[in-house]
Every structure is written in structure tokens, then in C-alpha cells.
Amino acid sequence: MQLTHKENQFERKTFPITLVCDHIYFQQNIGSLFRISEAFGVENIIFLGKDIPLTPRKINKTSRSTHLHVPHIVIEETAELVDYLIENNFEIIALEITSNSKPLKEVIIPENKKIALLIGSEIEGISDKLLEISNQIVHINMFGKNSSMNVVQAASIILYELTSK
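Residues numbered from 1 in each chain as written. Predicted model: local features only at pLDDT ≥ 70, side-chain atom pairs only at ≥ 80, totals over all residues. Heavy atoms only, no water.

## Regarding the sheet that holds strand β1 (residues 15–22)
And step 1. Read from one edge of the open sheet, 7 strands run β3-β2-β1-β6-β4-β7-β5, paired in parallel fashion. The open sheet has two edge strands with one neighbour each: β3 (72–75) and β5 (102–103).
And step 2. Note that strand β4 (residues 91–95) and strand β6 (residues 115–120) share 4 bridges and pair parallel. Looking at β6, one finds that Ile93 is bridged to Leu117.
And step 3. Strand contacts of helix α3 (residues 78–87): β1, β2 (42–48), β3, β4 and β6, with the helix running at about 150° to β2, the strand carrying the most contacts.
And step 4. Against the sheet, helix α5 (residues 151–164) contacts β1, β2, β4, β6 and β7 (136–139), and its axis sits at roughly 160° relative to β6. (Pairing = 2+ DSSP bridges. Helix = DSSP H or I, 4+ residues; strand = E, 2+ residues; numbered from the N terminus. Contact = heavy atoms within 4.5 Å. Axes fitted to C-alpha atoms, helices over the stretch in contact; angles between N-to-C directions.)

## Side note on the nonpolar core
And step 1. The biggest cluster of nonpolar side chains holds 32 residues, and the ones touching the most others in it are Leu33, Leu117 and Ile119.
And step 2. Of all elements in the fold, only β1, α1 (27–39), β2, β4, β6 and α5 reach the threshold of two or more residues within this core.
And step 3. Element by element, the count of residues in this core is highest for α5, at 7 residues. (Core = buried A, V, L, I, M, F, W, Y, C linked by side-chain atoms within 4.5 Å. Buried < 20%, exposed > 50% of the residue type's maximum accessible area, 1.4 Å probe, protein only.)

## Structural notes on the packing of α1 against helix α2 (residues 56–63)
And step 1. The interhelical angle for the contact between α1 and α2, taken along N-to-C directions, is 55°, at an axis separation of 7 Å. Looking at the two axes, α1 sits oblique to α2. As for the relative orientation of α1 and α2, their crossing is right-handed in sense. Each of Gln27, Gln28, Ile30, Gly31, Ser32, Phe34 and Arg35 in α1 lies in contact with α2, whose residues at this interface are Lys58, Ile59, Thr62 and Ser63. (Parallel < 35°, antiparallel > 145°, perpendicular 65-115°, else oblique. Left-handed = near helix turned anticlockwise from the far one by under 90°.)

Don't take any of this as a statement about function, it's just geometry.
Here is the structure:
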């Protein structure tokens with residue numbers, strides 16, 4: 001018999017992971033990123049960009065109210081985000097397919113260091129400026145003809161990997 005949310009046996013915990021969303025604007029994706037972040041114990045979310053559509057009425061449908069429980073901020077300028085990540089000594093891990101990315105299974109999780117997990121926009125991916133400051137760039141191996149997947153599904157896969165280690 002299926003358990004309710006209150007009956008499940010999962011340990012409640014938060015991981016030192018900040019999900020950084022580089023110019024993600026589709027409201028269904030934003031709501032789903034809140035939901036998956038809450039499920040995987042993400043500490044907080046940073047949305048990079050101007051006019052990020054955080055209208056609760058439209059996001060609530062996919063977030064299932066998790067936007068009320070996951071701390072989040074908006075940073076409008078890339079330079080401000082770069083300064084924040086460097087000043088706070090994050091291990092910056094970008095999820096992107098590049099000429100020097102490595103398979104996700106090879107990601108190295110440093111002990112006692114906060115992680116900034118960068119995910120890119122639905123159209124442009126992660127900006128070059130953010131890729132330049134990344135400590136690690138990882139990709140998800142795919143075996144079909146397509147070389148990309150929805151940002152929420154990709155975030156789910158990497159959050160599972162990071163929180164399982």
C-alpha cells in the first residue's frame with residue numbers, strides 16, 4: 001500500500017547545495033525545480049537574471065507549494081553572482097556538455113565545502129562566464145540522437161548523484 005507524505009520513512013536532511021539557475025524563465029520548470037530541490041534537501045536556490053517569473057500562482061501548480069519552503073533569491077547580474085560564489089568559497093559544479101566536461105559519475109565532492117550546482121537556461125545553457133569560474137564541468141551520458149534533456153530532469157539526475165555520495 002502506498003504511504004502518505006507523513007508516513008514515509010525518509011530521513012529529513014539538508015545538503016550544503018545551492019542550486020544556481022542561469023536565466024531559467026519557463027514557469028513550469030521553475031516550479032518543478034523548487035519541488036525537486038525540496039525533495040533532495042537543497043539548501044537554497046539562486047535564480048540569475050532579470051524579471052524571473054516567480055509569480056506564486058503560476059509556479060504553485062508544479063511546485064506543490066515547495067516554493068514556500070525552499071529559500072531562494074534572485075541575482076540580476078552575472079558579475080554579482082560570480083563575486084558571491086567566489087567570496088563564499090563554493091565548489092562550483094556546472095552541468096553542461098562542453099569540450100572538457102567529464103561524465104557525471106566522475107564528479108568529485110570535496111569534504112566540508114558548499115556546492116554551487118549550476119544549471120543552464122532552457123535555450124542557451126550555462127553562460128561562458130559561469131563555465132569559466134566552474135571548478136568542475138560534468139555532463140550526463142546520453143545514448144540517443146538528442147544531446148540535451150529538460151533542465152528539470154537533468155537537475156534531478158545530478159541531485160540524486162550528489163546526494164547519494
